[in-house]
Structure formats: structure tokens, C-alpha cells
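Residue-level structural notes
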Amino acid sequence: MSSGATDKKFSQMVLDADAEALTDSWEALSLDTEYWKLLLRQLEDCLILQTLLHSKLSPPAAKAPSLQSEPLPRLSVKKLLEGGKGGIADSVAKWIFKQDLSPELLKCANKERDVENPDEPREGITRSFPEVSEVEIALGAVPDLLHLAYEQFPCSLELDVLHAHCCWEYVVQWNKDPEEARFLVRSIEHLKHILNPHVQNGIALMMWNTFLVKRFSAATYLMDKVGKSPKDRLCRRDVGMSDTALTSFLGSCLELLQTSLEADISRDEVQVPVLDTEDAWLSVEGPISIVELALEQKPIHYPLVEHHSVLCSILYASMRFSLKSVKPLALFDSKGKNAFFKDLTSIQLLPSGEMDPNFISVRQQFLLKVVSAAVQAQHSKDKDPSAEAANTHWKDLNWPGLAVDLAHHLQVSDDVIRRHYVGELYSHGADLLGEEAIFQVQDKEVLASQLLVLTGQRLAHALFHTQTKEGMELLARLPPTLCTWLKAMNPQDLQNTGVPIAATAKLVHKVMELLPEKHGQYSLALHLIDAVEAMATL
């Protein structure tokens, strides 16, 4: 009886052990299956990425960067797992640099395909983003491959992350050869496409501290030393780039500083992004990503960045228009000078209160120079070919508008700048633009007096420099006071003497509108109307 019970108990134990072993084996098999599923998913991701990174644009679709970047390595699951959170975006950014794809195209490829016309994706791109060039639209399968990569890596290739890595890749390549100004221009374009202000602020700050501020300070001290836009040899010696590249560099610096200011304004309205990872790549390890570093940066000190932006605008204008007799640092007092080139997140003692009138006078003269040079560059019949060449990589600014903005920061009367702008337009014969610009002027009485002189210069040129018989007969019939006044005019101050008399007649009537009847020059303006109308009949 006892023996039978023992056998039964032993049999039960064997059965339990078999069942437990079977359960363990099933669990192990299930784990193996999950592991293989994960590995297959990783291999699939790797294949899609590898296909994208080894696709090339058929010439002449792409303007390959002249600087030879490192060849793209072959990918593997192991490499991606060891590349850190930014490894995937970094690989794609290097490929984008080699193909020189525009930021707009990356945005287009992220758009959902047109469901009704899946075979015509690039027409949709053209409709939505007309600024993308026809050359970029003819890219074959590249937008489709990008779109597929976005779907496969929704976290790693999220647009802000990708733009951040592209921004960094381009500035790194520019730093290797600063003569390639378009690399820095492209880097700033990617920076401006970053939508989250926290990421944008961090990337801009890292770019400034790592690559830009040292050259920016060198350019400032060089220009202050020579007192004008420096020659090519000096630029190469002190800043490490040509004078043309330096001009573009300063334009890019200004874009970066203004982008930082805009990002700082909207920081409080937008949450810090959460950087997710795809399920298949949760075990990734490696270096910290560019975006993670960007989010660790402190907020900028807005007034200090604005202060640097003003200096950058002054340097940029001086180089852009080859201005002479300009010492940039002489436009600032000791507080202003001491605050330059400091950490943009630090609190610095900045100029405040009323500025010394001598500083104001020097600043005003500089801004008037900028406006004159800008109008001449825009309307001169003989444009400087070197200036045109320097302007190929970056969009030119609205310089008169920038001068008015600078006037606010430099405590200069913005109305003085606006009146000067109107006068320069009329001096160059751009009467229609001048008439439009008059609406922005506050003190129209002072403006009318200035335009009256300009009208006199036009008439003096027509009467005294052409020396026609009819003109001399008309001159004899004019009131003596008007003749004396016209003889005192200097037509050489005019930039364009070939303005039709009908345009001058319109200008005189505009002056009459602006002058009050009790003004001392009102009667002179009346005589001018008679003289111009008489000349129109000759």
C-alpha cells in the first residue's frame, strides 16, 4: 500500500517537471521569436536607410558641394545601435549635404501623398511649394525615398530634428572652408526651418559659440582698426576668409542673431519637445545628440543679442557697400564696447539713458551713408560687378528699412533717415518710389524745403548746362530772385540729371502741397512752378 502511494507520487512529480520544462521552453521560444521580429524590423529599417543614403541625383540635377566630405559609411544594425539617439538623423544629414537638398524639399517630402493621384507626388509638391526650383522637382525617386524614411523613422527623422542635424552638418563643413559661403547660408536656412523655439535657440547658440563669435570679433577689430571695409589680404590674414566671403559671413551672422531673438520671444508659448525613439531602437546607446545638447542650452539674454545684432548690421553695411571712414566701435560708448563678444546668455551692463550728442551725430552720419549707398546700389546705371558677385549667395536686405530700425536702437531721429531716403530717391530720378516714401515722413515741411533745393538743382542743370537758345530766353524772363537762387544751386549733387521735365513739374507741385502758405519759401515755389511749366513748352 505504501509502495503504491510512493510510485503514484513519483509519477506526479515527473509529470509536473515535464510540464514546467515545456512551459520554460515555450517562453524561451516566444522570447526568441520576439528577438527575431525585432531584428527583422531593425534590418528592414537599416535597408530603407541604406537605400536612401546610397541614392544619388542624376546630373545636372544637383550642384554637388565642391568641398569633398567624408564618404558615407555602410550601415549596420550594430552601428545604428551604437550611434546614439541622433545617429540616424546624423547619417541622413550627411547625405543631404552631399546632395545639397534644400530645406523646402525636406519639408515637401514630409507631406502626405495625394491619395487620389499616388503616381503624381511631385506635382503636388510643386503646387504646395512653388519656391522649390524646377531642378529640385526633377529628382526622380529621392522625395519618395525620403517620404518612406520619414514613415519608418517618425521620431529620429522628425523635421525639427533633421533640420537641426542638417544645420550642424553644413556649419561644420563651412568651418573647414569658410570660402564656401553658401554652406553657412544653407545652415542658417535649416536653422530658420526649425519650428520649436527651444531647439532653435539652442542650435543657434551652439553655432555662435563654436564657430562664429571668434571670427565675428576678429572682423570687428579689423574693421575698427582700418576705419573702412578692409581689403582682401587683411581679411584673409585676420579673419581667415576673403573680403567677399566676409561680407556673406556677416549677413549670415545677422540672420542667426535675428533668428535667436525671434525664437526667444516665442519660447514661453511653446513647450520643450519630448525626444522619443522608435520601439525598434529603444536600446540605442552612444553619444548625446545635437538636439539633446541644444535643449540643455540656457535662454539668451535678449538685450545682449539685440546689442550684437546692431553691431553686426553696422559691420555688414560697411562691407556690403565698401563704406569709408567708418569705425564701428566708435559708434558705442565704453559700456557698449565692453558688452560685446560676451556669453549671449549672460547679463551685461548695457548703455541706457541719454547718449552723448557727439555719439548721436556720428551714428546719424553713418546711417545716412548707408541709405545713400543702398539707393545708389539699387538705382545706379553702372552697378558694381564685384558687389553683384558678392550678392549671389544671400538675399539682399531692405537697407533703408534696416537703417530706420537701427536709428531706434542708436537714438537717432528716424525721421531724419526717412527724409534723407526720399531725397536720395529723387536725386537718382526714382520719383515714383520717392513719392511713395513721402508718406512715411513725419515732418513734411522740412522735407518740402529739401525737395525744393533738389528741384532747383534740376532746373539749374536744364538751364545753365544745356545752354540752348530757348533756355537762355526763358532765363531772361524769370524773376531776378529766382535767377539768383538757381545760379546758387549745384547740379553736381544730383545723381541723375536726365530726369524728364514733366517729372520735375510733378515734384514742384508735390512741394507746393507740402509747404504751408506762410512758409518763407512758398513764393519761391510758386515761381518755380511757372518756370517749369514754361520749360515744358520749349
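Residues numbered from 1 in each chain as written. Predicted model: local features only at pLDDT ≥ 70, side-chain atom pairs only at ≥ 80, totals over all residues. Heavy atoms only, no water.

1. What to know about the overall build of the protein chain
Heads up, the condition is: Put simply, DSSP H or I for four residues or longer makes a helix, DSSP E for two residues or longer makes a strand, and each gets a number counted from the N terminus. Exposure classes here rest on a 1.4 Å probe applied to the protein chains alone. A residue is buried below 20% of its type maximum, exposed above 50%, and partly exposed in between. Any two residues whose heavy atoms approach within 4.5 Å at even a single point are treated as in contact. Calculation of accessible area relied on Shrake-Rupley with a 1.4 Å probe; when residues are assessed, cover is drawn exclusively from the protein chains displayed.
Helices and strands together make up the secondary structure of the protein chain, namely 25 helices and 0 strands. Here the protein chain, with 538 residues, has 49% of them falling under the buried criterion. The long-range fraction of contacts in the protein chain, counting pairs at least 24 apart against all pairs at least 6 apart in sequence, stands at 79%. In the structure as shown, the protein chain presents an accessible area of about 27700 Å², 54% of it carried by carbon and sulfur atoms.

2. Here we look at helix α18 (residues 399–409)
Residues of α18 that are buried: Trp399, Pro400, Leu402, Ala403, Val404, Leu406 and Ala407. Contacts made by the buried residues of α18 are with α14 (302–320), α16 (357–379) and α19 (414–427). Where α18 ends, the next residue or the one after it, Gln411, has phi of about 60°, a positive value.

3. Let's talk about the nonpolar core
For clarity, the cut-off: Here, nonpolar core means buried Ala, Val, Leu, Ile, Met, Phe, Trp, Tyr and Cys residues that are tied together by side-chain atoms lying within 4.5 Å of each other.
Counting 153 residues, the largest nonpolar core has Ile203, Phe216 and Phe249 as the members making the most contacts within it. If one sorts the elements of this core by residue count, helix α10 (residues 197–226) sits on top with 14 residues. Residues contacting Ile203, with those up to four places away along its chain left out, are Ala164, Cys167, Leu191, Ile194, Ile290 and Ala294.

4. Comments concerning the pattern of salt bridges
Proximity of charged atoms lets side chains of opposite charge pair with each other. Cut-off, in case you're wondering: In what follows, salt bridge is the name for a side-chain nitrogen of Lys or Arg lying within 4 Å of a carboxyl oxygen of Asp or Glu.
One pass over the full model with this rule turns up 17 salt bridges. With its nearest N and O atoms 3.5 Å apart, the salt bridge here joins Glu169 to Lys94. With Glu169 in helix α8 (residues 159–176) and Lys94 in helix α3 (residues 87–99), this residue pair connects regions lying 75 residues apart in the sequence. Judged by relative accessible area, Lys94 falls into the partly exposed class, the value being 27%. In this structure, Glu180 and Arg182 form a salt bridge, with 3.2 Å as the shortest nitrogen-oxygen distance. A residue is classified by how much of its surface remains accessible, and Glu180, at 13% relative accessible area, is buried. Given the relative accessible area of 23%, Arg182 is considered partly exposed. Taken together, the shared-partner salt bridges in this structure form one network comprising Asp100, Glu180, Arg182, Arg186 and Glu189.

5. So, the packing of α10 against helix α12 (residues 243–265)
Put simply, the rule reads: To obtain an axis, a line is fitted to C-alpha atoms, over the contacting stretch when the element is a helix, and the angle between two such axes runs from 0 to 180 degrees between their N-to-C directions. We call a crossing left-handed when the near helix sits turned anticlockwise from the far one by less than a right angle, and right-handed when that turn is clockwise. Residue type decides the class: Asp, Glu, Lys and Arg count as charged, Ala, Val, Leu, Ile, Met, Phe, Trp, Tyr, Cys and Pro as nonpolar, and the leftover types, Gly among them, as polar.
Packing of α10 against α12 leaves a shortest axis separation of 9 Å and a crossing angle of 140°. Taken as a pair, α10 and α12 cross one another with a handedness that is left-handed. Where α10 approaches α12, its residues Pro197, Gln200, Asn201, Ala204, Met207, Trp208, Leu212, Arg215, Phe216, Ala219 and Met223 are matched on the opposing element by Leu246, Phe249, Leu250, Cys253, Leu256, Leu257, Thr259, Ser260 and Ala263. Considered class by class, the residues forming the contact of α10 with α12 number 15 nonpolar, 4 polar and 1 charged.

6. Some points on the side chain of His190
The topology assignment puts His190 in helix α9 (residues 181–193). Residue contacts for His190: discarding those within four places in its chain leaves Leu101, Pro103, Leu106, His163, Cys166, Cys167 and Tyr170.

7. Some words on helix α25 (residues 522–536)
Residues that lie three or four places apart on an α-helix share one face, since the helix turns once every 3.6 residues. In plain terms, the rule: Here the expected span of a helix is defined as 1.5 Å times the quantity of residues minus one.
For α25, spanning 15 residues, the distance from its first C-alpha to its last is 21 Å, which sits close to the expected 21 Å at 1.5 Å a residue. Listed as buried for α25 are Tyr522, Leu524, Ala525, Leu528, Ile529, Ala531, Val532 and Met535.

8. Looking at the environment of Glu445
With respect to the helices, strands and loops of the structure, Glu445 is situated in helix α21 (residues 444–465). Separated by 68 residues in sequence, Glu445 and Glu513 place their C-alpha atoms 9.7 Å apart. Each residue touching Glu445, except ones within four places of it in the same chain, is listed here: Leu514, Leu515, Pro516 and His519.

9. Section: the packing of aromatic side chains
So the rule is basically this: Stacked, edge-to-face and tilted are the three classes for Phe, Tyr and Trp ring pairs, Trp counted by its six-membered ring, which pair at centre distances within 6.5 Å; planes under 30 degrees apart are stacked, over 60 edge-to-face, the rest tilted. Throughout this description, the term charge over a ring refers to an Arg CZ or Lys NZ atom that lies within 6 Å of the ring centre and within 35 degrees of the ring normal.
Within this structure, the stated rule accounts for 12 aromatic pairs. Between Phe321 and Trp399, the ring centres sit 5.1 Å apart and the planes meet at 75°, which makes this aromatic pair edge-to-face. With Phe321 in the loop between α14 and α15 (334–338) and Trp399 in helix α18, this residue pair connects regions lying 78 residues apart in the sequence. Judged by relative accessible area, which is 3%, Trp399 ranks as buried. Members of the aromatic cluster, joined through ring pairs, are Trp208, Phe216, Tyr221, Phe332, Phe340 and Phe341. The ring of Phe332 has Arg363 lying over it, and the distance from NZ or CZ to the ring centre is 5.7 Å.

10. Topic: the confidence of the model for the protein chain
Parts of the model with low pLDDT should not have their predicted coordinates read in detail. Inclusion rule: For every residue, the predictor reports its confidence as pLDDT, a number between 0 and 100.
Here the protein chain averages 85 in pLDDT, while 82% of its residues score no lower than 70. In this model residues 112–138 is a low-confidence stretch, pLDDT under 50, and it forms 28 contacts with partners more than four residues away in sequence or in other chains.

11. Focus: unusual backbone geometry
The phi torsion at Ser322 lies on the positive side, around 50°, for a residue other than glycine. Along the chain, Ser322 falls in the loop between α14 and α15. Taking the relative accessible area as the measure of exposure, Ser322 reaches 41% and is therefore partly exposed.

12. Some details on a positive patch on the surface
Heads up, the rule is: For patch building, the residue pool is restricted to those with more than 30% relative accessible area and no salt bridge; the joining distance is 9 Å between like charges and 5 Å between nonpolar side chains (Val, Leu, Ile, Met, Phe, Trp, Tyr). Within this scheme the basic residues Lys and Arg register as positive and the acidic residues Asp and Glu register as negative, but His and the chain ends are omitted. The atoms used to mark charge sites are NZ of Lys, CZ of Arg, CG of Asp and CD of Glu.
There is a patch of like positive charges on the surface, built from Lys228, Lys231, Arg233 and Lys324. For Lys324, the position within the fold is in the loop between α14 and α15. Here Lys324 falls in the exposed class, since its relative accessible area comes to 57%.

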